[in-house]
Amino acid sequence: MMPYQISVTPLWMDNAAMPPPSTAALPARVDVLVIGAGYTGLAAARETAAAGRSTLVLDAGAVGTGCSSRNGGQVAYSIKPSFNTLSEKFGADRAFRICREGLDAVAYLRSLTAQRGDCGWRDDGCFFGAHTARHFTHMVRDAENQPRGLEQRISVVPKAAQHEEIASDFYHGGCVYHDDASVDPTRLLLSLLRRALDSGASVADHCAAVAIDATRDGFAVSTSRGVIDARQVLLATNGYSGPLSPWHRRRVIPIGSYQIATESLGAPRVRELIPRGRNIVDSRRVVVYFRPSADGERIVFGGRAALAEKDPLACVPRLRHMLNRILPQLKSVRMSHAWVGWVAYTFDTLPHLGRHDGIYYCMGYCGQGVPLAPYFGMRIGQQMLGLKEGATALDGLPFASRPYYYAKPWFLAPSVFAYRIMDAIGL
Ligand SMILES: Cc1cc2nc3c(=O)[nH]c(=O)nc-3n(C[C@H](O)[C@H](O)[C@H](O)COP(=O)(O)OP(=O)(O)OC[C@H]3O[C@@H](n4cnc5c(N)ncnc54)[C@H](O)[C@@H]3O)c2cc1C
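Small disclaimer: the values here were computed from a predicted structure and weren't measured. (Residues numbered from 1 in each chain as written. Predicted model: local features only at pLDDT ≥ 70, side-chain atom pairs only at ≥ 80, totals over all residues. Heavy atoms only, no water.)

Caption draft 1: Expanded view of the packing of aromatic side chains. Per the stated rule, a full pass over the model turns up 11 aromatic pairs. Between the aromatic rings of Tyr375 and Phe376, the centroid separation amounts to 5.0 Å while the plane-to-plane angle is 70°, which identifies the pairing as edge-to-face. Each member of the pair, Tyr375 as well as Phe376, carries the same accessibility label: buried. By way of ring pairs, the aromatic residues Tyr108, Tyr375 and Phe376 are connected into one cluster. Here Arg94 stacks its cationic end above the ring of Phe90, 6.0 Å away from the centre of that ring. (Phe/Tyr/Trp six-rings, centres within 6.5 Å; stacked < 30°, edge-to-face > 60°. Buried < 20%, exposed > 50% of the residue type's maximum accessible area, 1.4 Å probe, protein only. Lys NZ or Arg CZ within 6 Å of the ring centre and 35° of its normal.)

Structure below.
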């Protein structure tokens with residue numbers, strides 16, 4: 001039992017002007033039906049609607065009910081495999097182009113938010129803390145040997161100067177990524193919603209797609225509110241991909257990511273703890289990430305709190321413990337919010353977009369979709385229009401599953417357990 005009330009609604013929703021539930025009757029037929037009203041679906045819908053295609057976006061819950069209203073709002077270069085790993089697999093040229101997509105995604109989001117100015121964008125950068133002295137050495141080596149043409153602005157912070165970034169001795173120094181940024185996740189969602197609506201798209205919330213059947217000239221999509229015929233269908237369901245498409249479900253691994261927010265500490269106290277207001281992540285395998293809230297009054301902390309999935313309130317003690325190991329000054333502070341969302345990992349840790357059995361899809365951002373989802377959502381929308389600018393370096397990559405994987409990630413708990421041990425012994 002918690003001694004005080006903790007909200008399980010994401011902090012960002014507290015003052016968000018979310019749209020009322022949609023009540024309009026569904027159209028019988030559209031050119032484009034997008035399933036999933038998160039960043040991906042809304043960005044894609046904006047493209048198709050702006051090109052004059054009648055476009056409807058469905059969501060099983062409220063708009064943005066998935067990750068897009070409940071993430072950490074951290075914006076970073078987000079292609080997980082390194083340039084060297086990608087080069088070994090695909091050759092240097094394609095590896096370079098895949099990595100460029102990661103930089104382009106951040107640039108796209110930066111320009112989008114600059115145009116609209118309503119997403120709480122902050123160019124404060126990110127401090128990447130070294131969990132061990134060996135990690136610090138590797139970080140410095142990587143920062144000094146960035147592949148040409150893929151450079152990010154990085155500066156090294158030795159342990160002696162670490163307090164300029166965070167009032168903690170937990171890390172062994174680290175690096176600052178100056179091009180990283182943050183947004184208010186819900187304001188970004190509402191901004192993408194507004195763009196899609198302004199372009200002529202419609203949105204139907206609380207409307208789950210339950211079956212997709214091929215027809216002579218497209219698809220008949222059965223929903224909880226009736227059947228809709230569509231010439232084209234996009235699956236933008238990411239970590240919430242359910243039984244609707246078993247093929248996709250076998251290719252994404254839904255993993256719970258948990259966050260807590262402190263009670264309001266006041267901006268001066270938050271500044272004492274994180275003097276430059278940056279995002280903080282660290283080099284452990286079981287990742288933690290935190291940042292000042294968009295209003296600068298609280299600290300929002302996230303990570304993988306449990307071996308197997310749990311409800312967010314049950315994870316508060318562990319997340320608190322993880323936060324207090326880094327910032328023991330917060331031991332007596334209360335948590336006001338705790339929530340969870342389902343990110344979508346893929347077996348090669350790359351996002352995937354394309355077409356399977358005629359159905360378009362775009363998903364698998366491995367917990368880093370704040371820049372990737374709006375960007376690849378825009379690209380898949382362009383692909384649906386047949387535009388050559390929709391082409392990406394990820395097109396045509398095999399989207400692999402694994403034998404014995406049927407959407408229940410039985411390997412997750414043992415993997416997290418092994419990673420925790422590796423982190424504990426500093427591997
Ligand atoms: C706690 C947490 C912290 C995160 N922090 C960060 C971060 O700091 N930085 C970062 O880059 N990324 C972060 N992410 C990841 C990021 O939020 C996601 O990658 C991104 O929002 C994915 O957007 P999306 O539109 O593809 O999917 P989602 O926003 O998850 O949307 C998918 C939608 O599909 C709908 N849906 C599913 N099935 C159906 C159906 N049959 N019919 C109708 N609708 C359906 C769902 O209801 C859902 O709304 C975080 C995620 C979580 C959970």
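Caption draft 2: Examining the state of the cysteines more closely. All told, the structure shown has 0 disulfides when counted by the stated rule. For Cys99, which is in no disulfide, the shortest distance to another cysteine sulfur is to Cys366 and amounts to 14 Å. A relative accessible area of 1% means that Cys99 is categorised as buried. Cys175 supplies the cysteine sulfur nearest to Cys126, a cysteine that is in no disulfide, at a spacing of 10 Å. (Disulfide = S-S within 2.5 Å.)

Caption draft 3: Highlighting the packing of helix α3 (residues 92–116) against helix α9 (residues 369–384). One can describe the packing of α3 onto α9 by two numbers: an axis separation of 8 Å at closest approach and a directional angle of 90°. Taken as axis vectors, α3 and α9 run roughly perpendicular relative to one another. Between α3 and α9, the contacting residues are Glu101, Asp104, Ala105, Val106, Tyr108 and Leu109 on the first element and Val370, Pro371, Leu372, Pro374, Tyr375, Phe376 and Met378 on the second. Class assignment for the residues of the contact of α3 with α9 results in 11 nonpolar, no polar and 2 charged. (Axes fitted to C-alpha atoms, helices over the stretch in contact; angles between N-to-C directions. Helix = DSSP H or I, 4+ residues; strand = E, 2+ residues; numbered from the N terminus. Parallel < 35°, antiparallel > 145°, perpendicular 65-115°, else oblique. Contact = heavy atoms within 4.5 Å. Nonpolar A, V, L, I, M, F, W, Y, C, P; charged D, E, K, R; others polar.)

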